[in-house]
Protein chains: 2
Amino acid sequence: MKCLILAAGKGSRLSNKGLPKPLVSVLGKSLIERVILTAKACGITDFLVVTGYQGKAVRGFLDELQEREDISIIHVLNEQWDKENGLSALKARPYLHEPFLLTMCDHLFTEDTLRALKDTPIGGDEVLVCVDHEFEHLSSEEVAEATKVFTQKGKVLDISKQLQQYNGIDTGLFLCTPALFDALEKAAEEGDTTLSRGIKVLATQGRVRAFDMGGAPWFDVDDENSLQKAQQGLLRLLKKDTDGPVSRYLNRPISLRLTRYLVTKDLSPNQISFISFMAAIVAGLCFALKGHVALIFGALLAQFSSVIDGCDGEVARLKFQMTEFGGWFDAVLDRYADACILFGLTLHLIRTDPGLGSVAAGYFALTGSLINSYTARRYDVYLRKKQEGRPVAFRLGRDVRILIVFLGALLDKVFATLVIIALIMNLENIRRIWVLYGAWQRSKGH
Amino acid sequence: MKCLILAAGKGSRLSNKGLPKPLVSVLGKSLIERVILTAKACGITDFLVVTGYQGKAVRGFLDELQEREDISIIHVLNEQWDKENGLSALKARPYLHEPFLLTMCDHLFTEDTLRALKDTPIGGDEVLVCVDHEFEHLSSEEVAEATKVFTQKGKVLDISKQLQQYNGIDTGLFLCTPALFDALEKAAEEGDTTLSRGIKVLATQGRVRAFDMGGAPWFDVDDENSLQKAQQGLLRLLKKDTDGPVSRYLNRPISLRLTRYLVTKDLSPNQISFISFMAAIVAGLCFALKGHVALIFGALLAQFSSVIDGCDGEVARLKFQMTEFGGWFDAVLDRYADACILFGLTLHLIRTDPGLGSVAAGYFALTGSLINSYTARRYDVYLRKKQEGRPVAFRLGRDVRILIVFLGALLDKVFATLVIIALIMNLENIRRIWVLYGAWQRSKGH
């Protein structure tokens, strides 16, 4: 399936320091690159981009992107870029003979939304409009600016900016058939060259269906204000349902701030993973030294490592650099980081009290911690299935473990720290077995 | 989809101590229960069983099975059970108006074969015969006894026991439409009441396709000899592509022998897991004691635990008691068993040499071992994809680890044992990261 992106307009409301709007950066990626890479993540590799205002700069960027991402980007020129956007869409007519996605260069959607729309069956002469029915989050100015739609039983009955009676917002994302072009030409003959007018021509023929995005987030980046909102929204999407309590209320808020800064730098997720790993190794070395000061340094480094450990995944997702290998590699490094931190504490303890108790505390803490991570994958699958988007209250994992190390080392209570970790982690493992056993028993009942 | 099972015949060639043939036990499950549970594992819950000879006993068993397995089993009586099997099939005609599976009570197939056949699209008046083209494994007597088929371009052109020119064996497994019944009646009118003759009637009309089972194993249990062959074949299927070298050449051959005995006992897979776990715990306790004798006892128990650890999965598969939870729970117990064995060795060492070296050896051995299991899942996915059924040459996992413990403890070389485990396991982890990194890089190239 091809994807048509309208990027011809001036977008003058965004103060963009001379950059054309499609090239304005949102968390380290330009608007149009975000649109294209989101679509690419859904399996689309053929793009048509209609350029106009400052088209040369945009086309130069896209040529480079095409090369880098191994996709096809065809340029369509619209010299009447100062006119309505229906004209831009019409310019792409010669290239489109099958159903295609149509979107704007300045509207951002989640992969889930795009994939669901793309996979919706579409009839011969139809158009599907992606509609936001839950638009309470928009300000009254935004609603005034937006194209409104009135839908009934899944059909779009009317669409325009001036609509008085409406129950949804046109998000600027469409699944189209080439029937759209006839409609646009008919609208143009009637003197209205907007895209909405073309859609309306089809709507009066009963050929426009509404695709309900079901409350999924989307962002229309029009000015500095909406740009900030989009950035905050994209960052919020990085929180995970399976974040434990320390991650949720302490690590994640900090790591998201750091990530916001890190994405603007030329730093790969793997490099961030490595920084986090090295911080943990040095923390372990500090712990192995004598004295309270060494413990304090170790504590700070360990907690720093735990926070930074969130950034690699966040940056990867924001930069479309998520890989299965990367996620797995990061997890394996975390296990060695854990082992190093706990071994450092064990050595610290043995220096002052070389008894069997010290050895055993370190050994049981390590066993509990590594098996805690071993059981995490399946437990998280269970949590995700059970909680369906609601935040998870109870999950004792790495975030809790490292916070206990942090506090215990600050307070110079190494033996207690190891004993507490050994107890909490092993008990949590038993609890997980118990919970998953119960879930299995219940699933047999059905 | 319904499954029709023919179980009316006498099967007198199997010396069955008074039991009707469908109830003859094959590795702890009766023939007909195996046939039904294999189909159930493929999602079939509606069965029709044609009984005849000693039908009362068979029906009593099936009533109990229906209750226990929450499936539906309808009895169809064939009082002419001493005649040909086409008559048995005809008795089920009133119950079958859609495509259905047809099989014999004494033929055993793998789930994969059954699932693939079931999911094959079938035309309105067709019959699909599951054909074995690679029948070199059959003895000349077996071939003489078998129903032979001659196929060309996926069509069955001829079928009968007496066929001179043939290129495949009819395995007794069919995907049928009710068109079969007209054909059986036509064949009966012509004086032949065998199932093959009915199939041949359809074949002459070009309506019988061959389903190539592609070398997958199947077993026709007719006499004591073929019963032994089937048992050996079913046990052989329990070997895993991802078995490491020690497992492949030492543990698995022993555990399969034990499993052959254990399936006849009333012992659940979870109970076997628990025995293996307890053996490891006691091994750890022995190791923690002083002296070479304690080490020898520990060594024997640890290796016994490692062998028995194979039996739970084998018994679960043979008894259709595989569950995702059971497999996971067994794996988590194994991790604690590992930790206990290594901790026992570490304590043994510290008793004689309480230096940091002893602590570190134990700690690194534990870290390497637990992370070795942590990386195993993804590494095994990679191996399975890469090797496609060929045995895997190189995989250092639990089987190797416990054998090193066994040998090291027998030889009273505890420090060397822990150092070797620490080295081998951590190096193997690094190697796995390296191998998976390479695979990821290559996959990006495509």
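Residues numbered from 1 in each chain as written. Chains lettered and ligands numbered in written order. Predicted model: local features only at pLDDT ≥ 70, side-chain atom pairs only at ≥ 80, totals over all residues. Heavy atoms only, no water.

### Thoughts on the overall build of chain A
Within chain A, the secondary structure is distributed over 15 helices and 13 strands. Principal-axis analysis of the C-alpha atoms places the extent of chain A at approximately 90 × 55 × 40 Å. Burial statistics for chain A: of 446 residues in total, 55% are counted as buried. When contacts within chain A are restricted to residue pairs at least 6 apart in sequence, long-range pairs at least 24 apart make up 77% of them. As displayed, chain A has an accessible area near 19,800 Å², and 57% of this comes from carbon and sulfur atoms. (Helix = DSSP H or I, 4+ residues; strand = E, 2+ residues; numbered from the N terminus. Buried < 20%, exposed > 50% of the residue type's maximum accessible area, 1.4 Å probe, protein only. Contact = heavy atoms within 4.5 Å. Areas by Shrake-Rupley, 256 points an atom, 1.4 Å probe, with all protein chains shown as cover.)

### Quick word on the environment of B:L108
All names here are of chain B. Tracing the sequence through the fold places L108 in strand β7 (residues 107-109). The exposure class assigned to L108 is buried, which follows from its relative accessible area of 4%. Separated by 64 residues in sequence, L108 and G172 have C-alpha atoms that sit 9.6 Å apart.

### As for the domain arrangement of chain A
All names here are of chain A. In terms of domain boundaries, chain A breaks down into domain 1 (2-232) and domain 2 (240-445). The C-alpha centroid of domain 2 is placed 42 Å from the C-alpha centroid of domain 1. Counting residues at the interface gives 9 residues for domain 1, matched by 5 residues for domain 2. Roughly 710 Å² is buried in total at the junction of domain 1 and domain 2, and carbon and sulfur atoms are behind 62% of that figure. The three residues of domain 1 that bury the most area against domain 2 are L27, K29 and R34, which together make up 55% of that side's buried surface. Summed over the shared surface of domain 1 and domain 2, the number is 0 salt bridges. Elements with a minimum of two residues in the side of domain 1 that touches domain 2: α1 (31-41) and α8 (224-236). Class assignment for the residues of the side of domain 1 that touches domain 2 results in 2 nonpolar, 5 polar and 2 charged. (Domains from an automatic or database assignment. Buried area = accessible area lost by both parts, 1.4 Å probe. Salt bridge = Lys/Arg side-chain N within 4 Å of Asp/Glu carboxyl O. Nonpolar A, V, L, I, M, F, W, Y, C, P; charged D, E, K, R; others polar.)

### Focus on α8(A)
Residues and elements named next belong to chain A. Over its 13 residues, α8 extends 18 Å from the first C-alpha to the last, a length consistent with the 18 Å expected when each residue adds 1.5 Å. S226, L227, A230, Q231, G233, L234 and L235 are the residues of α8 that are buried. Residues of α8 that are buried make contact with β2 (25-26), α1, β7 (107-109), β13 (218-220), α9 (245-262) and α11 (292-318). (Expected span 1.5 Å × (residues − 1).)

### Quick notes on the relation of the copies chain B and chain A
Superposing chain B onto chain A takes a rotation of 180° combined with a translation of 0.0 Å along the rotation axis, leaving an RMSD of 0.0 Å. In the structure described here, the two chain copies are related by an operation that fits a two-fold rotation axis. For chain B, the minimum C-alpha distance to the rotation axis belongs to B:Y374 and amounts to 2.9 Å. Counting the interface residues of chain B, we find that 100% of their copies in chain A are interface residues as well, pointing to one common contact surface. (Least-squares fit on C-alpha atoms with pLDDT ≥ 70 in both.)

### With respect to the pattern of salt bridges
Inspection of the entire model under this criterion finds 56 salt bridges over all chains. Among the ionic pairs, A:E190 bridges to A:R197, the shortest N-O distance being 3.7 Å. Classification of A:E190 as partly exposed rests on a relative accessible area of 45%. Residue A:R197 is classed as partly exposed on the basis of its relative accessible area, which comes to 31%. Residues B:D222 and B:K21 are paired through a salt bridge, measuring 3.0 Å at the closest nitrogen-oxygen approach. Placement of B:D222 in the loop between β13 (218-220) and α8 (224-236) and of B:K21 in the loop between β1 (2-7) and β2 (25-26) is noted, with a sequence separation of 201 residues between them. When sorted by exposure, B:D222 lands in the same class as B:K21, which is buried. One salt-bridge network, in which partners are shared between bridges, spans A:K29, A:E33, A:K40, A:E64, A:R68 and A:E69.

### Let's talk about the interface of chain B and chain A
Every contact between the two is made by 38 residues of chain B and, on the other side, 38 residues of chain A. Summing the contributions of chain B and of chain A, the shared interface buries around 3,800 Å²; its carbon and sulfur component is 78%. Contact with chain A buries surface across chain B, with B:W328, B:Y363 and B:Y374 losing the most and accounting together for 22% of the total. Where chain B touches chain A, the interface holds 2 salt bridges. Salt-bridge contacts for A:R378 lead to B:E324; the nearest nitrogen and oxygen are separated by 3.1 Å. Applying the counting rule to chain B against chain A returns 10 residue pairs in polar contact (both at pLDDT 80 or more). Looking at the side of chain B that touches chain A, the elements that each hand over two or more residues are α12 (324-352), α13 (356-387) and α15 (414-445) of chain B. A per-element tally of the side of chain B that touches chain A places α13(B) first, with 16 residues. (Polar contact = N/O pair within 3.5 Å; in protein donor to acceptor, adjacent residues only side chain to side chain.)

### Description of α11(A)
Three- or four-residue spacings in an α-helix give side chains the same orientation, since the helix completes a turn every 3.6 residues. Taking 1.5 Å per residue, 27 residues should reach 39 Å; α11(A) reaches 40 Å between its end C-alpha atoms and fits that length. Backbone geometry just downstream of α11(A) places A:F320 in the positive-phi region, at approximately 55°.

### Here we look at the packing of aromatic side chains
Scanning the model with the defined rule gives 26 aromatic pairs over all chains in all. Three or more aromatic residues joined by ring pairs make a cluster, and in this case those are A:F325, A:W328, A:F329, B:W434, B:Y437 and B:W440. Taking the ring centre of B:Y166 as reference, the NZ or CZ of B:K148 above it sits at 5.8 Å. (Phe/Tyr/Trp six-rings, centres within 6.5 Å; stacked < 30°, edge-to-face > 60°. Lys NZ or Arg CZ within 6 Å of the ring centre and 35° of its normal.)

### What to know about a nonpolar patch on the surface
Residues and elements named next belong to chain A. Together, L250, I254 and L258 make up an exposed nonpolar region whose accessible area comes to about 210 Å². With respect to the element layout, L258 can be found in helix α9. L258 gets classed as partly exposed once you look at its relative accessible area, which sits at 31%. (Patch = residues over 30% accessible without salt bridge, like charges linked within 9 Å, V, L, I, M, F, W, Y side chains within 5 Å.)

### Brief notes about the pairing of strand β4 (residues 46-51) of chain B
All names here are of chain B. In terms of residue burial, β4 counts as a mostly covered element, since 5 of its 6 residues are buried. The pairing of β1 with β4 spans 6 bridges and is parallel. Note on β4: the bridge partner recorded for I5 is V49. Pairing of β4 with strand β5 (residues 72-77), which is carried by 6 bridges, proceeds in the parallel orientation. Counterpart to V50 in the pairing with β5 is V76. With helix α2 (residues 55-69) bridging β4 and the parallel β5, this β-α-β connection has right-handed handedness. (Pairing = 2+ DSSP bridges. Right-handed = clockwise from strand over helix to strand, strands pointing away.)

### A short note on the confidence of the model for chain A
When pLDDT is low, close inspection of the predicted coordinates is not appropriate. In this model, chain A carries a mean pLDDT of 92, and residues with pLDDT of at least 70 account for 97%. Among the prediction metrics, the complex's ipTM stands at 0.88, with pTM recorded as 0.88. (pLDDT = per-residue confidence, 0-100.)

### Some remarks on the side chain of A:S358
With respect to the helices and strands, A:S358 occurs in helix α13 (residues 356-387). One polar contact links the side chain of A:S358 to the main-chain carbonyl oxygen of A:D353, over a distance of 2.5 Å.

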